[in-house]
Amino acid sequence: MSNIGLIIEERAASIGNFMVGRLLPFRQKRTVGPFAFIDHMGPATMQSGENLDVPPHPHIGLSTLTYLFDGAIMHRDSIGNEVEITPGAVNWMTAGRGVVHSERTPERQRDTKKVLHGMQIWVALPTALEETESSFFHIPAEEIPAWEMHGIQTKLIAGEVFGKKSPVPVYSPLYLIELKSDKPQMFNPDGELYGESGLYILKGKVRIENYSFGPGKLLIAQNSRLCAFEMGPDTRVYLFGGEPFPERRYIDWNFVSSRRERLLQAKEDWVNRRFLEVPGESEFVPYPEFK
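Note that the structure is predicted; figures quoted are calculated from it, not measured. (Residues numbered from 1 in each chain as written. Predicted model: local features only at pLDDT ≥ 70, side-chain atom pairs only at ≥ 80, totals over all residues. Heavy atoms only, no water.)

The computed volume of the second largest pocket comes to approximately 220 Å³. Taken together, 14 residues line the second largest pocket, and the ones lying closest to its centre are Arg 97, Gly 98, Val 99, Ser 134 and Leu 276. At three residues, the largest contribution of residues to the lining of the second largest pocket is made by helix H1 (residues 260-271). Here the residues of the lining of the second largest pocket sort into six nonpolar, three polar and five charged. (1 Å grid on protein atoms, 1.4 Å probe; cavity = no way out; pocket = protein on both sides within 12 Å on 5 of 7 lines; lining within 4 Å. Points joined across faces, edges and corners; volume = space filled by probe spheres on them. Helix = DSSP H or I, 4+ residues; strand = E, 2+ residues; numbered from the N terminus. Nonpolar A, V, L, I, M, F, W, Y, C, P; charged D, E, K, R; others polar.)

Take a look at the structure:
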């Protein structure tokens, strides 16, 4: 029997004035371990005066993870952080009881031609921490663990696996791994993965059980311990997952919670402007009433 439980194709979605490829949530698979939302941004080439502008918007009950392959994003939040993220670094913002942030092209790039490419991810919080205080961490690219395994360039962007631990301060057992191959290589986790697992193909090809898969595919495993696959030449994939929570997570717009009534409260708080504001920002994203 195949270990591939589900194949998900990227679907076009809009975030402000920018189109992305949405991977999670999916109607047949809302979460993979604690991962509740994954967007693939770009690659998008923007001309002078054409910029990413996502005005202040709120979150609760989750941590956001931003990881860029190319370009830069200026992050500002209601905690008072103002940090530019560049390729290979990690922005990790924990919303907890509530945070607001904006994401924009940095001033130094706004009047130049540029490329933006990366991933934005939401990781749900354990029930006991859903209302924790908001926090933000920026981890430089050089602090992310990187090594060679089975002839494959490997980075542990977040979590703990293969005897290594990322400095990203996660709140539950999980892993987000970058794998790059220059030539055909077999990857075998040797039973080290745990919980639920997903494999996103960014570039190149992956062969599993005599089937080949190309870019833009998210493969969900039935058994994370059996996630062996062959990577083709010039291939880059992202392997992620971890222990799922016993309680279901609900999503409404930018809010995640184990309780539906908490989502309603967050909506009312945003509509009535009860969230803290982002210093230096005057715009905001209205709650989408069509939802």
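Tracing the backbone shows Ile 208 in strand E19 (residues 206-208). Considered as a pair, Ile 208 and Ile 4 are 204 residues apart in the sequence and their alpha carbons are 8.5 Å apart. The residues touching Ile 208, leaving out its near neighbours within four places in the chain, are Ile 4, Leu 199, Phe 213, Leu 219, Ala 228 and Phe 229. (Contact = heavy atoms within 4.5 Å.)

Turning our attention to the environment of Asn 210. Mapped onto the elements, Asn 210 comes out in the loop between E19 and strand E20 (211-213). As for Asn 210 and Met 231, which are separated by 21 residues in sequence, their C-alpha atoms are 12 Å apart.

Once that is clear, we can look at H1. The end-to-end C-alpha distance of H1, which contains 12 residues, comes to 17 Å, matching closely the 16 Å that a straight helix rising 1.5 Å per residue would cover. Residues of H1 that are buried include every one of Arg 262, Leu 263, Ala 266, Asp 269 and Trp 270, and no others. In a view along the axis of H1, the buried residues occupy a sector of 125°, so they form one face of it. Among the exposed residues of H1, those oriented more than 90 degrees off its buried face are Arg 260 and Glu 261. Where the residues of H1 are buried, they touch strand E5 (53-59), strand E10 (99-104), strand E24 (250-252) and strand E25 (255-257). (Expected span 1.5 Å × (residues − 1). Buried < 20%, exposed > 50% of the residue type's maximum accessible area, 1.4 Å probe, protein only. Arc of directions from axis to C-beta.)

To continue, consider the sheet that holds E19. In any sheet, the strands associate via hydrogen bonds between backbone groups, in a parallel or an antiparallel arrangement. Taken in spatial order, the four strands make up an open sheet running E17-E22-E19-E20, and their pairing is antiparallel. The open sheet has two free edges, formed respectively by strand E17 (185-187) and E20, since each of these has just one partner strand. The average angle at which neighbouring strand axes cross in this sheet is 30°, direction not considered. Here E19 runs beside E20; their pairing, made up of three bridges, is antiparallel. By the bridge assignment for E20, Val 206 is matched with Phe 213. (Pairing = 2+ DSSP bridges. Axes fitted to C-alpha atoms, helices over the stretch in contact; angles between N-to-C directions.)

In this section: a nonpolar patch on the surface. On the surface, a nonpolar cluster with roughly 230 Å² of combined accessible area is contributed by Leu 129, Phe 137 and Tyr 171. Relative to the assigned elements, Phe 137 resides in strand E12 (residues 135-139). (Patch = residues over 30% accessible without salt bridge, like charges linked within 9 Å, V, L, I, M, F, W, Y side chains within 5 Å. Areas by Shrake-Rupley, 256 points an atom, 1.4 Å probe, with all protein chains shown as cover. Salt bridge = Lys/Arg side-chain N within 4 Å of Asp/Glu carboxyl O.)

Here we take up empty space enclosed by the protein. Counted under the stated rule, the structure contains one cavity of 30 Å³ or more. Taken as a whole, the largest cavity encloses approximately 30 Å³ of empty space. Of the residues assigned to the lining of the largest cavity, the class counts are eight nonpolar, two polar and no charged.

On to the pattern of salt bridges. Here the structure, examined in full by the defined rule, presents 17 salt bridges. Close ionic contact of Asp 53 with Arg 110 constitutes a salt bridge, the shortest N to O distance being 2.8 Å. Note that Asp 53 is positioned in strand E5 and Arg 110 in the loop between E10 and strand E11 (114-124), a separation of 57 residues in sequence. Of the two residues, Asp 53 and Arg 110, neither departs from the other in class, the shared state being buried. For Arg 274, the salt bridge goes to Asp 269, with nearest N and O atoms at 2.7 Å.

A word on unusual backbone geometry. Excluding glycine, most residues fall at negative phi; most peptide bonds, likewise, are trans. With omega at 0°, the peptide bond leading from Leu 24 into Pro 25 counts as cis. The topology assignment puts Pro 25 in the loop between strand E3 (18-24) and strand E4 (35-46). At the junction of Gly 42 and Pro 43, the peptide bond is cis and its omega measures out at 5° in the coordinates. Inspection of the secondary structure assignment puts Pro 43 in strand E4. One non-glycine residue with positive phi stands out, namely Glu 209, at about 50°. Along the chain, Glu 209 falls in the loop between E19 and E20.

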